[in-house]
Each structure stands twice: as structure tokens, then as C-alpha cells.
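Listed below, chain by chain, are the residues.
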Amino acid sequence: MTKGVKLAIAAAAVIFLGAIAAIIFLQRPAQGTWVEILQDNKVICTLDLSQEPDRTFRVEFPEGGWNEIRIENGTICISDADCPDHTCVRTGKLRSEDIPIVCLPHKLVIKYCAPPEES
Amino acid sequence: MKTKRLTELSLLTAAALIAFIIEMRLPDIRIPGVKLGLANIFTVYAVYRFSGKEVFLLLVTRIVLGSLFSSNFSAIIYSLAGGMLCLCGMLLLRKIISESYLWLCSIFGAILHNTGQIGAAVLMTGTPAVLAYYPYLLVSGCIAGLFTGLCAQFVVKRLLNFRKGKTE
């Protein structure tokens, strides 16, 4: 075993353990109830899940396509979409503070956010 | 390029595509981007058998045809970004890591592939929030890279025995 191989094994181990540590850190359950929906990194709407009635609505993607967002008992998920991979639908409900629901083809992100300032 | 090399490369590309199509049939995990990457077995093998230019051709052909077959052409940018970074990394690493540690090279290939994918995703969507998936991709990448690397290692071993005229 050469020195290079030993170094490489050590580097791989560090990356692996570091990633596991990051996952444990990221497993914070949701604290707040406010979520925001972003399209192309611009906030298109902010919702308080504890106040929202159960409903389903569509978000259109300007370049063609749509995502159907469902709010149910204070949870939010993408229930249907016409994107090719359907990854966003399979992600399921939004649970973690740090892990958003993402639809890459339609540049759509749903994530928890801080409650807006009272005005 | 000699005909024999060309045939060998085409055969590898075809085999990689078959592995890719078989993998499409496997049930997928809820985390986007997490994949076994069976087709990578052939890329890792080719990295230790062919020149950089030849592996590049193999990989680009595989990615373009693969995304045509899976009718998911929008994902090609992510596959290409990941694939190219993975290839560059492995071509550099093959100078440091000898063939008997091929699995190690494959792990780094997988890590770089995921890095390229996430990088492309952040740039394409302009959404840094996508980075939250990076640790999950790294853990799955290390495991998948080890698996595909060991597969490639077995292939190399068998072929060496075969060339020596031994049969198992």
C-alpha cells in the first residue's frame, strides 16, 4: 500500500463520516409553521400552514409545465406534476427545517422560513 | 483508433447502457439523485484500460444515449456535469491509485459525480437550498462507489486470469 493510497483512503473516510455527521445535524424536525414557495429563487408566496385550509392548487412554470401543491392538516407536499422525473412528488411531505422539496425541471422549491414581521 | 480498440469500446458502451436500463427498472429511493450507478462499473474499468480520450468518448456516448432511452432529457445537464467531473478526477487518480485499489478510485469518482450534479443543480435553479441534499448524496455515493468499484475489480481480475489462459 503506497502513501498515496493511504491518504486517499483517509480522505474517503473523512468525507463519508463528515457527510453522516451533516445528516444527523440536518435531521432537525420542523419548528415553525411558515413555509415559502420559491420559483427560480424568487419567493412567489408565503403560507402559514397552521392557518391554511386544506386545499390543492397549481403553480405554473412560465416555460411550460405545472406542479400541483396540496395542503392538508398543516402539512404541504407536491401531489402531482408534469415534470419528467417526478422526484418532487416522491419526496413526499415537507418535514425537515433544512431539507426542501425541490423540483429541478421547474425550478420550484418549497421550504420552511421564518415568520414574517408583524406590520 | 484501431478496429480492435473501437470494438472493445463499443462493446463496453453497449454493456454500460444495458446496466443503465436495468437500473431504471429498480424501485427508486425518495431522495433525488441517489442511484446505484451500475453503468459506472464500465467507466471505472475503462479508466484503467483506455486512454483519457477514449473513456471520454465512451462516457459521453453512454450519457447521451442513456438520457434518450430514459426519455428524461432534462436530466442530461446534471449527468454530464457529474460525469465529466467524475472522469477528470478518476483520470488524475489513476496515476496515484494502482489498479489493485480500483474500488478506491471508484469511490472518489462517485463523490465527484455527486459534487458535479449538485453544483449543476445549484447553478441551474439558482437555489442554494438544493445543497441540503449534498450529505445524503455523499453517503450514498460512497456506498454505491464502493459497490461498483468492487464489481469492476472482479471484472479486471477475471479478465487477467482469462488472458493468462486460466479458466475458473
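Since this is a predicted model, take the numbers as computed values, not measurements.

Definitions and cut-offs
Residue indices begin from 1 for each chain and proceed along its sequence in written order. To read the labels, note that chains go from A and ligands from 1, taken in the order they are written. Local features are withheld for residues below a pLDDT of 70 in this predicted model, meaning they are given only at 70 or higher, and side-chain atom pairs are given and counted only at 80 or more; totals for whole chains, interfaces and linings count all residues. Excluding hydrogens and water, the side-chain values take into account all heavy atoms of the structure. For helices the rule is a DSSP run of H or I covering at least 4 residues; for strands it is a run of E covering at least 2, with both sets numbered from the N terminus onward. Exposure is judged per residue with a 1.4 Å probe applied to protein chains only, and the accessible area is read against the type maximum: over 50% gives exposed, under 20% gives buried, and values in between give partly exposed. For accessible areas, the Shrake-Rupley method is used with a probe of radius 1.4 Å. Any residue's cover is judged against the shown protein chains and nothing else. Counting rule for charge: Lys and Arg are taken as positive, Asp and Glu as negative, and neither His nor the chain ends is counted. For salt bridges, the criterion is a side-chain nitrogen of Lys or Arg within 4 Å of an Asp or Glu carboxyl oxygen. For this analysis, a polar contact is any N or O atom pair within 3.5 Å, provided that within protein one partner can donate a hydrogen and the other can accept it, and provided that sequence-adjacent residues contribute only side-chain to side-chain pairs. Contacts: residue pairs with any heavy atoms within 4.5 Å of one another. Each patch is assembled from residues with relative accessible area greater than 30% and no salt bridge, linking like charges that lie within 9 Å and nonpolar side chains (Val, Leu, Ile, Met, Phe, Trp, Tyr) that lie within 5 Å. Nonpolar core, defined: a set of buried Ala, Val, Leu, Ile, Met, Phe, Trp, Tyr and Cys residues in which side-chain atoms within 4.5 Å join the residues together. In this analysis, the expected span of each helix is defined as 1.5 Å times one less than the number of residues it contains.

Caption draft 1: Geometry of the overall build of chain B. Looking only at helices and strands, chain B features six helices and zero strands. Moving toward the C terminus, one meets the helices and strands of chain B in the order α-α-α-α-α-α. Principal-axis analysis of the C-alpha atoms gives chain B an extent of 55 × 30 × 30 Å. Burial analysis of chain B (168 residues in total) assigns 46% to the buried set. Accessible area of chain B: about 8500 Å², with a carbon and sulfur share of 72%.

Caption draft 2: Region of the structure containing the side chain of aspartate 48 of chain A. Residues and elements named next belong to chain A. Tracing the backbone through its elements, the reader meets aspartate 48 in strand β2 (residues 42-48). Here aspartate 48 sits buried without a salt bridge, and the closest side chain of opposite charge, arginine 55, lies 11 Å off (N-O distance). A distance of 2.9 Å separates the side chain of aspartate 48 from the side chain of serine 50, its partner in a polar contact. When near neighbours in sequence (up to four residues on either side) are disregarded, aspartate 48 contacts Thr33 and Trp34.

Caption draft 3: Seen up close, a nonpolar patch on the surface. All names here are of chain B. Residues Ile21, Met24, Val64, Leu65, Leu68, Phe69 and Phe73 make up a contiguous nonpolar surface patch of roughly 580 Å² in combined accessible area. Of all the secondary-structure elements, those providing two or more residues to the nonpolar patch are α1 (3-24) and α3 (52-69). Among the elements that take part in the nonpolar patch, α3 stands out by supplying four residues, more than any other. Looking at the secondary structure, you find leucine 65 in helix α3. The partly exposed category is assigned to leucine 65, whose relative accessible area is 30%.

Caption draft 4: Representation of the nonpolar core in the model. Counting residues in hydrophobic clusters, the biggest one holds 54 residues, and the most contacted among them are Val47, Ile97 and Leu104 of chain B. Those elements that provide at least two residues to this core are α1 (3-26) of chain A together with α1, α2 (40-47), α3, α4 (76-96), α5 (102-125) and α6 (134-163) of chain B. Counting 19 residues, the second-largest nonpolar core is a separate cluster that includes Leu49, Val59, Ile78 and Ala81 of chain A.

Caption draft 5: Structural detail: α5 of chain B. A rise of 1.5 Å per residue sets the reference length of α5 of chain B, with its 24 residues, at 34 Å; its end C-alpha atoms lie 35 Å apart and thus fit the reference within 8%. Just downstream of α5 of chain B, glycine 126 of chain B is the residue with a positive phi angle, here 65°.

So far we have only geometry, and geometry alone does not tell us how the molecule works.
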